[in-house]
Structure formats: C-alpha cells, structure tokens
Amino acid sequence: SSNVDITGSDIFMAISGKVTDNYWDSRAGWSVHTNYGYYFEKTFISTGLHGEYDHMQNSSPLMKNQFYSSNTVVGQVGNTGAASQGAHLHYTIYSIPNSYYSDSTARYLLGKDYLSTAMTNTPNTKTVYDPTNFYNTYKRRK
C-alpha cells in the first residue's frame, strides 16, 4: 500500500458561519474556529455548534468576525503544531455550555445519540462531539 501525501489539499468550511478565531497554537498549529449559523433578516443566528480546524499548512486567509458560506476554503492541510504527527486535518465540532443551540441540527449532523458519543464534556468550557462516530455509524454502505 502507498501513502498519499495530502499536504496542501484544500480544507472547506463544513457549514456556513462566522470565524471566531484564527491563530497559531503551539500544539494545534495554524487553527481556525467558527460559529456555525446563518443570517435571518440581517441578524446572525448561531446554531450553537462550532467548528475547529487544526494543523493547517499556513495561516488561514479568513478574517475573524466575518461570515463565510459553506464550501469556503478555510486553508490547506498541513503538519503544524507539536501535536501533529504528519499531514492531516484535526476537525472538531463543539458546543459551549449555556449557549443556545439547535438540538435538531446536532441530531442531523451527529446522529440521535450525539450527546452520548461526545469525546469530552468540560463544564464551563466546551463539549466536543465526535463526527467520526457519526460517519462510522451512519455512512452509506456500498
């Protein structure tokens, strides 16, 4: 078997929303955080779900506090940060305690058991969900 080098491959924003952070982290490397949501009558409505994209090749061109539609290029796959062990995208979906969110959106994206498959639940910080579990549970079989 041969390993395919994915370094430099485009990373696309999974869901429309606002960029809440775009920064360098010593462990996660070049990172972008988003608040997934949409505009309704000129007001941003958050789903309460957030996305995190880590270990990107370079700083993302996306601007903090700006709204972007899904499929916008966030950056490119890289191997940055001390926690990275090869080119990959570390993608996380999370919610922040005591924030409004759509249970139906979370169920649609992550499956009906999304709370029980959470990877971490840190009170007063965030609950991190596991999209890989959803994929493995609900993916189409050939």
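Each remark here, short or long, concerns the structure printed above.
First things first, this report covers the structure right here in the doc. Residue numbers restart at each chain and count upward from 1, following the sequence in its written direction. Residue-level local features of this predicted model are given only where pLDDT is at least 70; pairs of side-chain atoms are given and counted only at 80 or more, and the full residue set underlies all totals for whole chains, interfaces and linings. Water and hydrogen atoms were dropped before computing side-chain values, which therefore reflect all heavy atoms in the structure.

1. Quick look at the overall build of the protein
Consideration 1: Comment: elements are numbered from the N terminus, with helices defined as DSSP H or I runs of at least four residues and strands as E runs of at least two. Counting secondary structure elements, the protein contains two helices and nine strands.
Consideration 2: Walking the protein from its N terminus toward its C terminus, one meets helices and strands in the order β-β-β-β-β-β-β-α-β-β-α.
Consideration 3: Every one of the 142 residues in the protein was classed for burial, and the buried ones make up 35%.
Consideration 4: Throughout, a contact is declared for two residues whenever any of their heavy atoms are within 4.5 Å. Within the protein, residue pairs in contact and separated by at least 24 positions form 60% of the contacts whose partners lie at least 6 positions apart.
Consideration 5: Using a 1.4 Å probe, the Shrake-Rupley method yields the accessible areas, and only the shown protein chains count as cover for residues. With an accessible surface of roughly 8800 Å², the protein has 50% of that area assigned to carbon and sulfur atoms. Here's how the labels work: a residue is buried when its accessible area is under 20% of the maximum for its type, exposed when over 50%, partly exposed in between, all with a 1.4 Å probe on protein chains only.

2. Focus on the sheet that holds strand β4 (residues 43-56)
Consideration 1: Strand order across the open sheet formed by seven strands is β5-β2-β3-β4-β7-β9-β8, with antiparallel pairing between neighbours. Edge positions in the sheet fall to β5 (67-68) and β8 (120-122), since each has one partner strand and no second.
Consideration 2: A pair of strands is considered paired only if DSSP assigns at least 2 bridges between the two. In this sheet, β4 lies alongside strand β3 (residues 29-40) in antiparallel orientation, the contact comprising nine bridges. Across the sheet, residue Y38 finds its bridge partner in β4, namely I45.
Consideration 3: Axes, fitted as lines to C-alpha atoms, cover a helix only where it is in contact. Angles between the N-to-C directions of the axes lie from 0 to 180 degrees. Across the sheet, helix α1 (residues 103-110) is in contact with β4, β7 (90-95) and β9 (126-129); its angle to β4 comes to roughly 35°.

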